[in-house]
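Each chain is listed here by its residues.
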Amino acid sequence: MPELSIDGQPFRFAQGTTVAAALMACGDRCSRTSVSGQRRAPLCGMGICQECRVSIDGLRRLACQTICRDGMQVETHS
Amino acid sequence: MSAHVDLLIIGAGPAGMAAALAAAPSGIRIAILDDNPLPGGQIWRDGPGAKFPAQAAEMRAKFEQYANVQLHSACKVVALAGPKKLLLEDAERGWTLSYDQLILCTGARELLLPFPGWTLPGVTGAGGLQALIKGGLPVAGERIVIAGSGPLLLASADTAKKNGAQVVRIAEQASLASVGRFAAGLWRWPNKARQAVELASGAYRTRAHVLAALGSERLQAVRIQVGERIEEIPCDRLACGFSLVPNVEIASALGCRIEARAVVVDEWQASSLADHFAAGECTGFGGSELALVEGQIAGLVAVGQKDQARTLWPERQRWQGFADRLNQGFALNPALKQLATADTLVCRCEDVAYADLAAHASWNTAKLNTRCGMGACQGRICATATQTLFGWEPPLLRPPFSPARIATLVCLDETDSAA
């Protein structure tokens, strides 16, 4: 079970879980803050809408197209 | 860095996998790209919450056996890099790949239409929720409302139930008469009739559509129109999608002819552009069986086996018949164009409200004045919605087609200086 950090908090998820599924199951269950300040969560689940864009180990990635790996640092407020 | 293949296939769903398997025995060099971490496309998505179908597993195992087929997962097309050459990016690197022939199997996405509250956390697409559950989202014990249109609602409900959720309502916008006509014709496709029976649900209502998602920080309830009545249902999630729209952005950027939102192909699955083929949902929504046979035909034609491809025409025609019925059965009710209110956000990247868009006559003037479609998704969501809401022609994508790293874009420059 990979352990990753989401906004500084450690979480463990089943092998093969996407970062989007992980985000929706912990913390405030959101992935980003919109230009007008609303918190948003993954929407399309298939790499189209970009609502799940997060910072993973410093790079901007789509959470729904990224699989959780041990040691990942995920930030939803950047 | 740059590479060359004889045949490039974009998309590793049913159509792309079938195309690769049909072309592989010829021995030509084939690359197949997919932007998801695992092959299978949307319908055969694998993950902790998925039951991966045997047919898909068998196809995946088969194409791993071909040394001349290279699969690039989690890889995006960033831009055109010259004639028959694309700029690509994955998690590690950017590079250019040139090809002699291309088969586009870019699939379809959900049509997401704006309604009050659709930006609240807890609201997803219908297929979107299914994809997220397959990807490991726990939903056990949650109350879920599924709304929109098409058989995908039932498939999504089934995945949610199998993962322990309580599906409290399935709201299908089409009328009972049209869904009934669709279902009554299914005897011609026995596996589809069987699926329909297996997926049947007591929570299913026809002539029903979402009016609003309610809640302040997060979804708490859904307001639904069911015939003449209005229901308010407390729930944890709303999964709403109004059927599918083909992903034609790359085809369109390449210059392939697009009509009725789909890549135009001839009987050989050839697009209007020489050496460029298309197969599966990007040529029009029709389901995985049609995608498989179209992919096979495209793969065979790409390696010059037209006679063998021709033997598959009757099967394609049979599944095209199913697709036609599907599209008639679930045609969208015009009332769905009126769901958004003045302050409903339509562009979720730039937070542009319905009233700010409705004042304009075209996508271009709306974009210039409001920034709609200028965010990270480049209008894939809002321009698709405004095409339905206002009849606006969606824009051509500009490179980069999706957000990319500077180091990747630099590869374009290297291409120029080498030329």
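What counts as what
Residues numbered from 1 in each chain as written. Chains lettered and ligands numbered in written order. Predicted model: local features only at pLDDT ≥ 70, side-chain atom pairs only at ≥ 80, totals over all residues. Helix = DSSP H or I, 4+ residues; strand = E, 2+ residues; numbered from the N terminus. Buried ≥ 20, exposed ≤ 12 C-beta atoms within 10 Å, placed from the backbone. Contact = placed C-beta atoms within 7 Å. Rg over C-alpha atoms; globule rule 2.2 N^0.38 Å. Axes fitted to C-alpha atoms, helices over the stretch in contact; angles between N-to-C directions. Left-handed = near helix turned anticlockwise from the far one by under 90°. Nonpolar A, V, L, I, M, F, W, Y, C, P; charged D, E, K, R; others polar. pLDDT = per-residue confidence, 0-100. Pairing = 2+ DSSP bridges. Core = buried A, V, L, I, M, F, W, Y, C linked by C-beta atoms within 7 Å. Domains from an automatic or database assignment. Expected span 1.5 Å × (residues − 1).

Caption draft 1: Structural view of the overall build of chain B. When its secondary structure is counted, chain B shows 14 helices and 21 strands. Across its three principal axes, chain B shows a C-alpha extent of roughly 60 × 50 × 35 Å. In chain B, which comprises 419 residues, the share counted as buried stands at 52%. When contacts within chain B are restricted to residue pairs at least 6 apart in sequence, long-range pairs at least 24 apart make up 66% of them.

Caption draft 2: Quick peek at the overall build of chain A. Looking only at helices and strands, chain A features one helix and seven strands. Its helices and strands taken in sequence order, chain A reads β-β-α-β-β-β-β-β from the N to the C terminus. The C-alpha atoms of chain A give 11 Å as radius of gyration, which agrees with the globular expectation for 78 residues (12 Å, within 12%). In terms of principal-axis extent, the alpha carbons of chain A reach across some 35 × 25 × 20 Å. Looking at chain A as a whole, 51% of its 78 residues qualify as buried. Of all intrachain contacts in chain A linking residues separated by at least 6 positions in sequence, the fraction that spans at least 24 positions is 35%.

Caption draft 3: Highlighting the environment of G391 of chain B. With respect to the helices, strands and loops of the structure, G391 of chain B is situated in the loop between α13 (382-390) and α14 (406-418). For the pair G391 of chain B and S201 of chain B, spaced 190 residues apart in sequence, the C-alpha to C-alpha distance is 34 Å.

Caption draft 4: Spatial organisation of the packing of helix α1 (residues 14-23) of chain B against helix α8 (residues 288-302) of chain B. Residue and element names in this part refer to chain B. The contact between α1 and α8 brings their axes to 7 Å, and the two run at 35 degrees. The interaxial crossing formed by α1 with α8 has right-handed handedness. In this structure, α1 uses P14, A15, G16, M17, A18, A19, A20, L21, A22 and A23 to contact α8, whose residues at the interface are S288, A291, L292, E294, G295, Q296, A298, G299, L300 and A302. Here the contact of α1 with α8 is composed, by residue class, of 14 nonpolar, five polar and one charged.

Caption draft 5: Here's a closer look at the interface of chain B and chain A. Across the contact, 31 residues belong to chain B and 34 residues belong to chain A. Mapped onto the side of chain B that touches chain A, the elements with two or more residues apiece are β7 (108-110) and α3 (126-134) of chain B. Residue contributions to the side of chain B that touches chain A peak at four residues, all from α3 of chain B. For the side of chain B that touches chain A, the residue count by class is 15 nonpolar, nine polar and seven charged.

Caption draft 6: Local environment of the confidence of the model for chain A. Mean pLDDT over chain A stands at 95; residues scoring 70 or higher make up 99%. The secondary-structure element of chain A with the lowest mean pLDDT is strand β6 (residues 59-62) of chain A, recorded at 92, while helix α1 (residues 19-23) of chain A shows the highest, at 98.

Caption draft 7: Molecular detail of the pairing of strand β12 (residues 208-214) of chain B. Residues and elements named next belong to chain B. Examined bridge by bridge, β12 and strand β13 (residues 221-226) share six bridges and lie antiparallel to one another. By the bridge assignment for β13, A208 is matched with V226. In sequence, β12 turns back onto β13 through a hairpin of six residues, with G215 there showing a positive phi of about 150 degrees.

Caption draft 8: How the structure looks around the nonpolar core. Residues and elements named next belong to chain B. A19, I103, L104 and L238 are the most contacted members of the largest nonpolar core, which totals 150 residues. Of all the elements, α8 adds the most residues to this core, at nine residues. If near-sequence neighbours (up to four positions away) are discounted, A19 is found in contact with I9, I103, C105, A279, G295, Q296, A298 and G299.

Caption draft 9: A look at the domain arrangement of chain B. Residue and element names in this part refer to chain B. Annotation of chain B at the domain level lists domain 1 (2-109 + 245-326), domain 2 (112-242) and domain 3 (340-419). Domain 1 and domain 3 are separated by 25 Å when their C-alpha centres are compared. Within the residue set of the side of domain 1 that touches domain 3, elements represented by two or more residues are β4 (76-82), β5 (85-89), β6 (94-104) and α7 (249-254). If one sorts the elements of the side of domain 1 that touches domain 3 by residue count, β4 sits on top with seven residues. Taken together, the residues of the side of domain 1 that touches domain 3 break down into ten nonpolar, five polar and three charged.

Caption draft 10: Here's a closer look at the pairing of β5 of chain B. Residue and element names in this part refer to chain B. In terms of burial, β5 is a largely internal element, four of the five residues being buried. Bridge count between β4 and β5: five bridges; the pairing is antiparallel. Residue pairing in the sheet places A79 in a bridge with L87 of β5. Linking two consecutive strands that pair antiparallel, namely β4 and β5, is a turn of two residues; a positive phi of about 50 degrees is found at K84 within it.

Caption draft 11: Looking closely at the sheet that holds β13 of chain B. Residues and elements named next belong to chain B. Spatially, three strands are ordered β12-β13-β14 in an open sheet, and the strand pairing comes out antiparallel. Of all strands in the sheet, those with a lone pairing partner are β12 and β14 (229-234), marking the two edges. With direction set aside, neighbouring strand axes in the sheet form an average angle of 25 degrees.

Caption draft 12: Layout of the sheet that holds strand β5 (residues 53-56) of chain A. All names here are of chain A. Across the sheet, which stays open at both edges, the five strands sit in the order β2-β1-β7-β5-β6 with mixed pairing between neighbours. The open sheet has two edge strands, β2 (9-12) and β6, and neither has a second partner. On average, each strand axis in the sheet is inclined to that of its neighbour by 35 degrees, with strand direction left out of account. In this structure, β5 lies alongside β6, joined through four bridges in antiparallel fashion. Residue I56 lies in a different strand from β6, and its bridge partner there is L59.

Caption draft 13: Fine view of α8 of chain B. Residue and element names in this part refer to chain B. With 15 residues, α8 should reach 21 Å at 1.5 Å per residue; the first-to-last C-alpha distance of 21 Å fits that figure. Burial analysis of α8 places 14 of its 15 residues in the buried class, the great majority of the element. The positive-phi residue at the C-terminal boundary of α8 is G304, with phi of around 80 degrees.

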